[in-house]
Each structure stands twice: as C-alpha cells, then as structure tokens.
Amino acid sequence: MSRGLGDVYKRQNKNRMKETIQKRLSDSKTARWTALFIVSFTMMCGYFLTDVMSPLENLLTTKGQVVYFTDDTSMPADSLVAKVNYFSSEEMLSNPLLTVEQLEEGSKVQYYEMQNGAQTQTEKTISSVARGEGWSSTEYGFFSGAYGLINVFLLMLFFGGVILDKMGIRFTGMMSSGLMFMGALIKWYALSSDFGDAQLFGMDMQVALASLGFAIFGMGAEITGITASKVIVKWFAGKELALAMGLQVAMARIGTAVALAVSLPVARWMGDVSYPVLFGAILLCVGFASYMIYCVMDRKEDASAAAVRMENGEAEEEGFKLSDLKLIFCSKGFWLINLLCLMFYAGVFPFLKFATKLMIYKYDVPESFAGLIPALLPFGTILLTPVFGSLYDRIGRGATLMIIGSVMLTVVHVLFALPVMNYWWFAVIVMIVLGIAFSLVPSAMWPSVPKIIPMKQLGSAYATIFYIQNIGLTMVPWLIGWVIEHFATLRNEAGVIVGYDYTAPMVIFAVFGLCAILISTLLRVEDSKKHYGLEEANMKK
C-alpha cells in the first residue's frame, strides 16, 4: 500500500516538474508586462520627437524675432517695434527709437491697437523673446511630410518588415532605434544652425537638412513601430492582446501629449525652436538603452519557447520565406485594413500638425495655450485605448468599433469646417470626441491583423500597413500646407497676412473620414464572409 502511494507521489512530482519545464517566460504576467513596458517606453520617446514641432508652426513660419507678452499674446518683433515707434511719434514722446535688440523680458511697451474699429492705447509687458525661422506654410508642410519620405519612396519600411521577419526582433529593434537617434541629431543640428541664404536642391538649407533628419528619424520610428507590434503579438498571443496593444498606444500618446504641451513653453523659455528637439534626442538615447534591456528578456523568451517545443516533441517553427508574401498580398481583408489605416490616420496625424494654428486663428486661443487643446487628443487615448482594447479582448466587436470610430472622425472634421461656434470651449469638446474616435479604431484595428495574417508573416504585414500609412503621412501634410498657402491664407491689400480660413483643409480631412466609414463597413462584410473572427473576443477561455 505504502509502495503504491509512493509511486503515485513520484508520478505527481514528475508531472509538476514537467509543467515547470514547459512554462514559457511569456506565461509569466510579470515578465510579459515588463517586456511591454520597456518596448512601449522606447516608442513613447519616438512619438515625443514625432510631434515636438507641431506647436511651433507659428514660430517656424514667422521671420525674425517673436515677442511673447504676459497676457499670452504674441507679435513679430519687427511689427512691435514699428508700432511702438509710431506711438511715440504720435504722442510726441521723447523716447529714443526702439530697436529689436532692445526687446527683453520684463520690458513694458505702449502702442496703438485696433479694437472694435477704434484705435486704442495698449500697454503690455514682454515675457519672452524667441527666434522665428521664416519658413513658408509650404516649407512647413514639406518638412512635416518628410517623416515618410524614405519609407515611401525608397520602400525602406517594406524592407524593414522583411528584415524583421528574417533577422528577428532584437536586431531590427536595435537598428531602428539607432536610426531614430541619428535622425533626431541631424534635425536638431539643422534647427540650431544659421545657414544664411544657403540652399540645397533649390530649397532653403535649414528646411532641407531638417527634413532629411526627420526622414531618417521617420524611417527608424516606423520600423520600431512594426517591431513593437510583433513583440506584443509574440508575448500576448492568446492572452490580453488588444489590451496590451492599447496600453502601448496609450504610452505612445503620452509622448505626443507631452510634446504638444511643453514644446512651445520650452522654445519660449530658451528663445530657440531647437531646444525641444534636443530634449527629444536625449529621450531617444534613454529609449535606445531601455531596448537593450528588452533584448536580454527576448533572448530568454526564445530559449524558453525552444525548451517547451523540445519537451513536447514539436518541430521548430518554419522560418519566413519571400514566397510567404503571396499570402499577405492576396488577402482582401488585409488590404481593407490597409486602406482603413491610410484614411483614418490621414485624418488624425496630419491634422495635429496644423491644429495649433487652427486654434489660434479660428477659435482665438492665445498661442501659449493653443497647443494644449490638440494635446487633449492623445491624453484621451491614454485613458480610453486600453479600455476599448480590453473590451475587444473580452467581447469582440472589433469591426463594429472601427465603424463607430470612423463616423466620429468624420463628424469632428465637419464641425471644425463649419463657420459656427467659434469658441474655445467648443473646440475642446470636439477635440475630446476626436480623442474617443482615435481610441476606438486603433484599439480594434491593430489586434485584428494577427487574425488575418499568421505570425511568421506578421512583420511584413505590419510593415506593409505602415508603408501605406506613411504615404498618407507624407502626402497629406504637403497637400494641406499647399492648400493653406493658396486657399486659406487671408491677406490685406498690401499683401500682409492677416489671418487664415481653415474651411478648405477641414473639408479635406472630413473626406478622409467618409472614406474610412466606407472601408470599415466593407471590412465588416468581408469578415462575415471569410470568418476572420474580427467580431469575436481575443481571449481564449
């Protein structure tokens, strides 16, 4: 009897040991959430630099010094000097003529200002003086679109996906993080230097060099993005996949929100637009170091996965072959997600590049606060994307969430286009709605890709999606910058810019939203035919 009990105890103990041996590192909640945090932090640093220039559009497109007052208004230094000297002449004051060099923090100035059609005397105190770069709206649009230049025209993002599937997560992540850092340094050098009248390829040298740096950075950032997506699928497949992707997006949006909120104050404080970029480059250096830590965890995960396969007598997973690309390119559902990503993100990210100026000229928001309203969008996604991701994990309805988000995107841009309710609080409400839309679609779209494409082709699949998305991120800012320059800029009889009418640009963004509605509806129909499982929960019971 005792011998029989002993045999049973040995078998149970052996089974426990076997279970212990067969446990992958990713089965540990602590390990997989730590891996997610490290990779997400690297992406957060990248997203900070992606949007750090957005609040600086008005400063970049003003030539010479820009004066900021304590009441949160601003004025080109040349205009202020002319107004102050005119006031002194009219009032027959004995003050010497004011020059731009004499403008400094704490100085009080008096000049005439038109209010309700009448000329009134105004006195203001200078809070800071910063250097403008004198770019045109077209040049700013080109710079913003340069992010995707190398990815789109040299196909580097597509090749990055192939490199990811062939060379693996560790190599690709280190390579792409290094490219981000290098591009950030070039961008900072361009903005911190004065090239005079020098040109490159018929373009202002500073604009050309800053665009080159942004293009190199964009190549690294997008390859890092597809690497992060494959990392999450690797660690969370069959578990909290949509929640994990939602949290990664949320951390990325923290980078965007901080960039939109602090970029202009830092530039004003330091007196130069290059300092926010320098801060972003330092952050990227930290992010690069953190990814090296992840590489150690990834190596251990691969070793534990190999041990599990060996214990279970399973063959090693077949590697990626170029012929596998046929499966990706022949999938209708995959192409619908591609087009949805293109149209939806074309209505969001390029809009953020111009949103600060929209707040200033349509909603009369002081320039020092104008960047805070667009910053509500990423702050909203920080909270809501994980919530909607968890919802998708547990109850499904991914295709439906994408339709709802696309409808909300369209409504937002229609409201921005209409000449009604030009109040700052209305802009805040509309931006919050856009934040909800921007949480709904990504939380459902990115976790849906592994339901259509197998794991071994996932890097190339995400790379193709990001490549198509980059076409929009490159072309749309060029288009919007050109439209603003030729159809939205208001000038007086002397040709001086007096304001902007953003109706035409917002109509273009609304059209992108309508396209997103149509594509997401077609995706839901395709899912019902092919049974991808987009309306089903992600978590396995």
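Just so it is clear, the structure is predicted and the values come from calculations on it, not from any experiment.

1. Digging into the nonpolar core
Then, number 1: With 149 residues, the main nonpolar core has Y294, F351, M359, F416, M445 and W446 as its most contacted residues.
Then, number 2: In terms of residues, this core owes the most to one element, helix α9 (residues 205-236), which gives 17 residues.
Then, number 3: When neighbours within four sequence positions are excluded, F416 is seen to be in contact with F351, L358, M359, K362, Y363, A427, V430, M431 and M506.
Then, number 4: Among the nonpolar cores identified, the runner-up in size contains 12 residues, and F69, M75, L98 and L103 belong to it.

2. What to know about helix α7 (residues 156-167)
Then, number 1: Residues of α7 that are buried: L157, F158, G160, G161, V162, L164 and D165.
Then, number 2: Where the residues of α7 are buried, they touch α6 (149-153), α8 (169-192), α9, α12 (325-329) and α19 (458-488).
Then, number 3: With its phi angle positive at about 100°, G168 sits one or two positions after the end of α7.

3. Things to note about the state of the cysteines
Then, number 1: According to the stated counting rule, one finds zero disulfides in the structure shown.
Then, number 2: Left without a disulfide partner, C45 is nearest to the cysteine sulfur of C285, which lies 9.9 Å away.
Then, number 3: Among the residues examined, C45 registers a relative accessible area of 1% and is labelled buried.

4. Here we look at the packing of α9 against α19
Then, number 1: Interhelical geometry of α9 versus α19 gives an angle of 140° and a closest axis separation of 9 Å. Of the possible angle classes, the one that applies to α9 and α19 is oblique. The interaxial crossing formed by α9 with α19 has right-handed handedness. Contacts between α9 and α19 involve E222, G225, I226, S229, K230 and V233 from the first element and L458, G459, Y462, A463, F466, Q469 and N470 from the second.

5. What to know about the pattern of salt bridges
Then, number 1: Applying the stated criterion across every chain, the model contains 16 salt bridges.
Then, number 2: As a salt-bridge pair, K234 and D298 come within 2.8 Å of each other at their nearest N and O atoms. One end of the pair, K234, is in helix α9; the other, D298, is in helix α11 (residues 274-312), with 64 residues separating them in the sequence.
Then, number 3: By relative accessible area, which is 1% here, D298 ends up buried.
Then, number 4: Here R397 ties to E535 by a salt bridge, and the two come within 3.5 Å at their closest N and O atoms. Here R397, found in the loop between α16 (372-395) and α17 (398-417), pairs with E535, found in the segment after α20 (503-530); they are 138 residues apart in sequence, far enough to count as distant.
Then, number 5: Taken together, the shared-partner salt bridges connect R170, K234, D298 and D302 into one network.

Cut-offs used in this document
- Sequence order as written defines residue numbering, which begins from 1 separately in each chain.
- For this predicted model, a pLDDT threshold of at least 70 governs which residues receive local features, and a threshold of 80 or more governs which side-chain atom pairs are given and counted, while totals over whole chains, interfaces and linings are taken from all residues.
- Processing note: side-chain calculations cover all non-hydrogen atoms of the structure and skip hydrogens and water entirely.
- In this description, a nonpolar core means a group of buried Ala, Val, Leu, Ile, Met, Phe, Trp, Tyr and Cys residues linked to one another through side-chain atoms lying within 4.5 Å.
- When a residue's accessible area, from a 1.4 Å probe over protein chains only, is under 20% of the maximum for its type it is buried; when over 50% it is exposed; and in between it is partly exposed.
- Helix and strand definitions here come from DSSP, where helices need a minimum of 4 consecutive H or I residues and strands a minimum of 2 consecutive E residues; each element is numbered from the N-terminal end.
- Here, two residues are considered to be in contact whenever any of their heavy atoms come within 4.5 Å of each other.
- Put simply, a disulfide is two cysteine sulfurs that come within 2.5 Å.
- The axes used here are C-alpha line fits, helices contributing only the stretch in contact, and every angle between their N-to-C directions lies in the interval 0 to 180 degrees.
- Angular relationships are summarised with four words: roughly parallel below 35 degrees, roughly antiparallel beyond 145, roughly perpendicular across 65 to 115, and oblique for the angles in between.
- Working rule for handedness: look at the near helix, and if it is turned counterclockwise from the far one by less than a right angle, call the crossing left-handed; if clockwise, right-handed.
- The term salt bridge refers to a side-chain nitrogen of Lys or Arg lying within 4 Å of a carboxyl oxygen of Asp or Glu.

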